[in-house]
Amino acid sequence: LMAVMQVLGRHDMPVSSPTFGPSGDLFTISGSGDIFRYTGSMDFDNEFSAEQWGSSSGQPLGLEFDSQGVAFVCDAAHQAIFRIVSIKSEDSPPRQEIEPYVREYEQSQFLGPNSLCLSRQTGMLYFTDSGPFGETSLQNPRGSVFAISPQTQLLIPLCLNTLAHPCGVALSPDEKNLYVAETAMNRILRFTQHPPQVFHCSVFFQLSGRFGPTALAVSSSGDIYVGHFDFAQNAAEGRIVVLNQDGEVTNQISCPGAEITGLSLTPDEQWLIVAERSSASLYRYPLTPQN
């Protein structure tokens, strides 16, 4: 029995960066700045609906929640990472308070943060700084990868002004390794810590064909799901490459639409959630046999 991609949601504008909040709700972010929260059951298509949860009012690319439900948003237009805190009061509906979290490194403005991920063990926030699509390219590889320490709010550059559109970012299950999709070089980089907090970077996996990897998701067993983006006029179907921890391809998954901009695993790892730009859709793919 072939597993098939199923449509979870269609939107007026493309959404990206599917991610799960601490209570297990799915969120995405739209190019217009809207943050959507989805209600209903992941297992039944027709009971799934989106509502606007908040807005970053800029050009948001990446979204992630900490264990307290605070949202962190990468915004290319504002060239900053914002924190969004939900303020609950007795007599009015909850409202979102948005504040800049980090916007420069040593007095120089970011190009535009792209994607981020949080360490569950240390609270470290890792993010890529690529600028809008096309700004850091093969001709102009000035993208960076940073970490932010939660205790000091200090920025630690893991790779400064040398990457060609660094995009998706994800931690290995033991959090010793950080994977980064360097889109315009068509490769996955791995930053490994030795000793802790001292990062060494090498090419973990070199892809070929298509434009390049944009989105990453890592399972609890260490499998790495790579959204291998291409422009819709070049490829009818999208491709998701599955790698093991040794960088070997173990599977390839097809997706309707080639412009994959986001991947996320559901908390129970039963489904892979895929955001695709050309169809402005959100898909789900079963990772376990469905009865």
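Here, every reference points to the structure presented above.
Before going into details, it helps to say that this report is about the structure given with it. Predicted model, so just to flag it, every value in this text is computed and none were measured.

### Here we look at the overall build of the protein
The helix and strand inventory of the protein stands at zero helices and 26 strands. The C-alpha atoms of the protein give a radius of gyration of 18 Å, which matches the 19 Å a tight globule of 291 residues would have. Judged by the C-alpha coordinates and their principal axes, the protein covers about 55 × 50 × 35 Å. Burial statistics for the protein: of 291 residues in total, 53% are counted as buried. Looking at the protein alone, contacts between residues at least 24 apart form 42% of all its contacts between residues at least 6 apart. As displayed, the protein has an accessible area near 13,100 Å², and 48% of this comes from carbon and sulfur atoms.

### Some details on the environment of L160
Assignment of secondary structure puts L160 in strand β15 (residues 155-163). Looking at L160, the relative accessible area reads 37%, which means it is partly exposed. For the pair L160 and G143, spaced 17 residues apart in sequence, the C-alpha to C-alpha distance is 6.9 Å. Contact partners of L160, with chain neighbours within four places excluded, come to Y105, G143, S144 and F146.

### Description of the sheet that holds strand β12 (residues 113-118)
Read across the open sheet, the four strands follow the order β12-β13-β14-β15; overall the sheet is antiparallel. Each of the sheet's edge strands pairs with one partner strand only, and the pair in question is β12 and β15. Taking each pair of neighbouring strands and ignoring which way they run, the sheet shows an average axis angle of 15°. Where β12 meets strand β13 (residues 125-129), four bridges bridge the pair, whose relative direction is antiparallel. In the sheet register, C117 faces β13, and the bridge partner there is Y126.

### Details of the packing of aromatic side chains
Across all of its chains, the model carries 16 aromatic pairs by this definition. Aromatic rings pair up to connect Y105, F110, F127 and F146 into one cluster.

Quick notes on the rules
- Residues numbered from 1 in each chain as written.
- Predicted model: local features only at pLDDT ≥ 70, side-chain atom pairs only at ≥ 80, totals over all residues.
- Heavy atoms only, no water.
- Helix = DSSP H or I, 4+ residues; strand = E, 2+ residues; numbered from the N terminus.
- Rg over C-alpha atoms; globule rule 2.2 N^0.38 Å.
- Buried < 20%, exposed > 50% of the residue type's maximum accessible area, 1.4 Å probe, protein only.
- Contact = heavy atoms within 4.5 Å.
- Areas by Shrake-Rupley, 256 points an atom, 1.4 Å probe, with all protein chains shown as cover.
- Pairing = 2+ DSSP bridges.
- Axes fitted to C-alpha atoms, helices over the stretch in contact; angles between N-to-C directions.
- Phe/Tyr/Trp six-rings, centres within 6.5 Å; stacked < 30°, edge-to-face > 60°.

Any link to function would need more than the numbers given here.
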